[in-house]
Amino acid sequence: MNSVSHYCVNCGSALEPRVVEGRDLEACPSCSFILWHDPKVVTMVVVEDERGDVVVGRRSIEPGYGLWCLPGGYVNDDEHPADSATRECREEIGADVEVTGLLGVYHIRKRDAPSMVGIGYRARLRPGEVPIAGSEMLEVAAFPGSEVPELVFTSHRQAMRDWLAIWEQSRVETT
Ligand SMILES: [Zn+2]
């Protein structure tokens, strides 16, 4: 897969190629360590304000500088993904949110990095919260769901589509 030498995180031995459960991996000849290629876990959150508009931000960092995205980010090892989602909202759109549901789970393929498992949540601003841009955003704004600008990441567009499907369904049910 690559030509860089890897070493055991437990004992420091040079890893050797080994087929494990039918996969070409690297493993330690001295202890039980196997270098699994695990996906990273990320969240993305469709946050509704008190009018039902969707809060999005314009990125101040790469990738996607200047483009619109949902709040979200990497899940830490000791966090429930829903707690990670609310933490990312606090950091990126400066607001406390309440997670109200799961939108979907998305697989994000990467060519030169571990793939990602994206967990899309639906959330709403807690009463009185006013979004402000965190350090990773140039600005934040709220748009009616059908008018949200094109989002930079495929998984964010998928989560937005899944949110729109729920939103359109709820409109049908109330008319
Ligand atoms: Zn080892």
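First things first, this report covers the structure right here in the doc. (Residues numbered from 1 in each chain as written. Predicted model: local features only at pLDDT ≥ 70, side-chain atom pairs only at ≥ 80, totals over all residues. Heavy atoms only, no water.)

### Here we look at the overall build of the protein
If you tally the helices and strands in the protein, you get two helices and ten strands. Ordered by position in the sequence, the α and β elements of the protein form the string β-β-β-β-β-β-β-α-β-β-β-α. Taking 2.2 N^0.38 as the reference for a compact globule, 175 residues should give roughly 16 Å; the C-alpha atoms of the protein span a radius of gyration of 20 Å, well beyond that estimate. Along the longest, intermediate and shortest principal axes, the C-alpha atoms of the protein span 65 × 35 × 25 Å. Every one of the 175 residues in the protein was classed for burial, and the buried ones make up 38%. Considering only contacts in the protein between residues 6 or more positions apart, those separated by 24 or more positions represent 58%. Split by element, the accessible area of the protein, about 10,600 Å² in all, is 49% carbon and sulfur. Each charge sign in the protein was given a centre, from 17 positive and 28 negative side chains, and these centres are 4 Å apart. (Helix = DSSP H or I, 4+ residues; strand = E, 2+ residues; numbered from the N terminus. Rg over C-alpha atoms; globule rule 2.2 N^0.38 Å. Buried < 20%, exposed > 50% of the residue type's maximum accessible area, 1.4 Å probe, protein only. Contact = heavy atoms within 4.5 Å. Areas by Shrake-Rupley, 256 points an atom, 1.4 Å probe, with all protein chains shown as cover. Lys, Arg positive; Asp, Glu negative; His and termini not counted. Charge placed at Lys NZ, Arg CZ, Asp CG, Glu CD.)

### What about the coordination of the zinc ion?
Looking at the metal site, the zinc ion is ligated by C8 (SG), C11 (SG), C28 (SG) and C31 (SG), spaced 2.3 Å from it. Considering all four donor atoms around the zinc ion, angles at the metal cover 98 to 128° and the coordination shape is tetrahedral. Mapping the donors of the zinc ion onto the primary sequence yields the spacing C-x2-C-x16-C-x2-C. Given a relative accessible area of 41%, C11 falls into the partly exposed group. (Donors = N, O, S within 2.8 Å, 3.2 Å for Na, K, Ca; no water. Tetrahedral: all angles 85-135°; square planar, octahedral: opposite > 155°, others 65-115°.)

### Some words on the sheet that holds strand 1 (residues 16-20)
Ordered in space as 1-2-3, the three strands form an open sheet in which the pairing is antiparallel. The open sheet is flanked by strand 1 and strand 3 (34-35), the only strands paired with a single partner. (Pairing = 2+ DSSP bridges.)

### Points about helix 1 (residues 81-93)
For an α-helix the count is 3.6 residues per turn, leaving residues at separations of three or four pointing the same way. For helix 1, with 13 residues, the first-to-last C-alpha span of 18 Å sits near the 18 Å given by 1.5 Å per residue. Listed in full, the buried residues belonging to helix 1 are A82, S84, A85, T86, R87, E88, C89, E92 and I93. Those residues of helix 1 that are buried lie in contact with strand 4 (40-48), strand 5 (54-59), strand 7 (72-74), strand 8 (97-108), strand 9 (116-125) and strand 10 (137-143). (Expected span 1.5 Å × (residues − 1).)

### Overview of the nonpolar core
Counting residues in hydrophobic clusters, the biggest one holds 17 residues, and the most contacted among them are V46, V54, V56, L70, L151, M160 and W163. Mapped onto this core, the elements with two or more residues apiece are strand 4, strand 5, strand 8 and helix 2 (154-174). Ranked by the residues each element gives to this core, the list is headed by helix 2, at four residues. What V56 contacts, discounting residues up to four positions off in sequence, is W68, C69, L70, E139, V140, A141, F143, V148, P149 and L151. A82, C89, V97 and M137 belong to the second largest nonpolar core, which has 16 residues in total. (Core = buried A, V, L, I, M, F, W, Y, C linked by side-chain atoms within 4.5 Å.)

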